[in-house]
Amino acid sequence: MILVFVTMDNEGQFRPFSSQLSTLEETFDVLSEFVRTGGIVVHVHLLDNGLRTPLPSEAFDGEPIASHIRKLEVEWTTLLNESVNPQSATHQLLTSCSGRLHETYQTRIDWLEAAIRKTEGRIHRLPRTAYWESCYIRFEMQMTLYRKQLKQAKAGQRRVSERLSAYLDY
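These numbers were taken from a predicted model, which means no experiment stands behind them. (Residues numbered from 1 in each chain as written. Predicted model: local features only at pLDDT ≥ 70, side-chain atom pairs only at ≥ 80, totals over all residues. Heavy atoms only, no water.)

Undergrad: Which residues make up the side chain of S32, and what are the values?
TA: Tracing the sequence through the fold places S32 in helix α1 (residues 24-36). Setting aside chain neighbours within four positions, we find S32 in contact with F60, G62, E63 and I65. (Helix = DSSP H or I, 4+ residues; strand = E, 2+ residues; numbered from the N terminus. Contact = heavy atoms within 4.5 Å.)

Now the structure itself:
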């Protein structure tokens, strides 16, 4: 792994550096130490196995990073080593996603029903004269579209409920 970074000196001149390091933690601590001693990091990236990975220079604020990364690694290792009932995890995920999808459909249904009521009210208040005929036709077309979308939303909501129920019964 090669760390490549550009610094700015006191005269405003840019200075490129590179260093081969063995671990990511060591790399991050080198940059943090440089900043802690007053250095200004302008640009940072890592080269590893032919891949260039840009790093945010503002993340290096002079505080050590390696100890925090090691703590995170211990936490993740602990979590990953815990036994998880895949049925339970899948059940929770499906229940959660299905619930959110059901709510989304319900919001859509509620909106469409309100739009239909509002449009029906406009149609009833509209004078039935030749002058207003084009508005009447437009409102009727809008009602047809709303009713079609409402039917689709209700069918979608039913499918979500049926699929979740079929999965849970399985």
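Undergrad: Before we move on, could you go through the environment of C97 and cite the residues and values that matter?
TA: Structurally, C97 is set in helix α3 (residues 86-125). Each C-alpha atom, one on C97 and one on P56, is 34 Å from the other, the two residues being 41 residues apart in sequence.

Undergrad: Break down the pairing of strand β2 (residues 14-20) for me, citing the residues and quoting the values.
TA: Judged by how many residues are buried, β2 sits mostly at the surface: zero of seven residues are covered. Here seven bridges tie strand β1 (residues 2-8) to β2, and the two strands are oriented antiparallel to one another. Bridge pairing in β2 places I2 opposite Q20. Taking the residues between adjacent antiparallel strands as the criterion, β1 and β2 are bridged by five residues, where G12 takes a positive phi near 85 degrees. (Buried < 20%, exposed > 50% of the residue type's maximum accessible area, 1.4 Å probe, protein only. Pairing = 2+ DSSP bridges.)

Undergrad: Give me a positive patch on the surface: which residues, what numbers.
TA: There is a patch of like positive charges on the surface, built from K118, R122, R125 and R138. Element by element, the count of residues in the positive patch is highest for α3, at three residues. Within the secondary structure, K118 is located in helix α3. (Patch = residues over 30% accessible without salt bridge, like charges linked within 9 Å, V, L, I, M, F, W, Y side chains within 5 Å. Areas by Shrake-Rupley, 256 points an atom, 1.4 Å probe, with all protein chains shown as cover. Salt bridge = Lys/Arg side-chain N within 4 Å of Asp/Glu carboxyl O. Lys, Arg positive; Asp, Glu negative; His and termini not counted. Charge placed at Lys NZ, Arg CZ, Asp CG, Glu CD.)

Undergrad: So, α1: which residues are in play, and what are the values?
TA: In a regular helix each residue adds 1.5 Å, so 13 residues correspond to 18 Å; α1 covers 18 Å between its end C-alpha atoms and thus fits that length. Looking at the buried side of α1, the elements it contacts are β1, β3 (40-48), β4 (51-55) and α2 (66-81). (Expected span 1.5 Å × (residues − 1).)

Undergrad: Tell me about the packing of aromatic side chains, and please be specific about residues and values.
TA: The tally for this structure, following the rule as stated, stands at five aromatic pairs. For the pair F28 and F60, a centre-to-centre distance of 5.6 Å together with 55 degrees between the ring planes defines the contact as tilted. Here F28 is found in helix α1, whereas its partner F60 is found in the loop between β4 and α2, with 32 residues between them in sequence. Given a relative accessible area of 6%, F60 falls into the buried group. An angle of 90 degrees between the planes, with centres 5.7 Å apart, marks the rings of W111 and Y146 as edge-to-face. Residue W111 is located in helix α3, and its partner Y146 is located in helix α4 (residues 133-169); the two are separated by 35 residues in the primary sequence. For Y146, a relative accessible area of 13% puts it in the buried group. (Phe/Tyr/Trp six-rings, centres within 6.5 Å; stacked < 30°, edge-to-face > 60°.)

Undergrad: Describe unusual backbone geometry, listing the residues and the values that go with them.
TA: Phi at N49 is positive, roughly 50 degrees, even though this residue is not glycine. Position of N49 among the secondary structure elements: in the loop between β3 and β4. With a relative accessible area of 75%, N49 lands in the exposed category.

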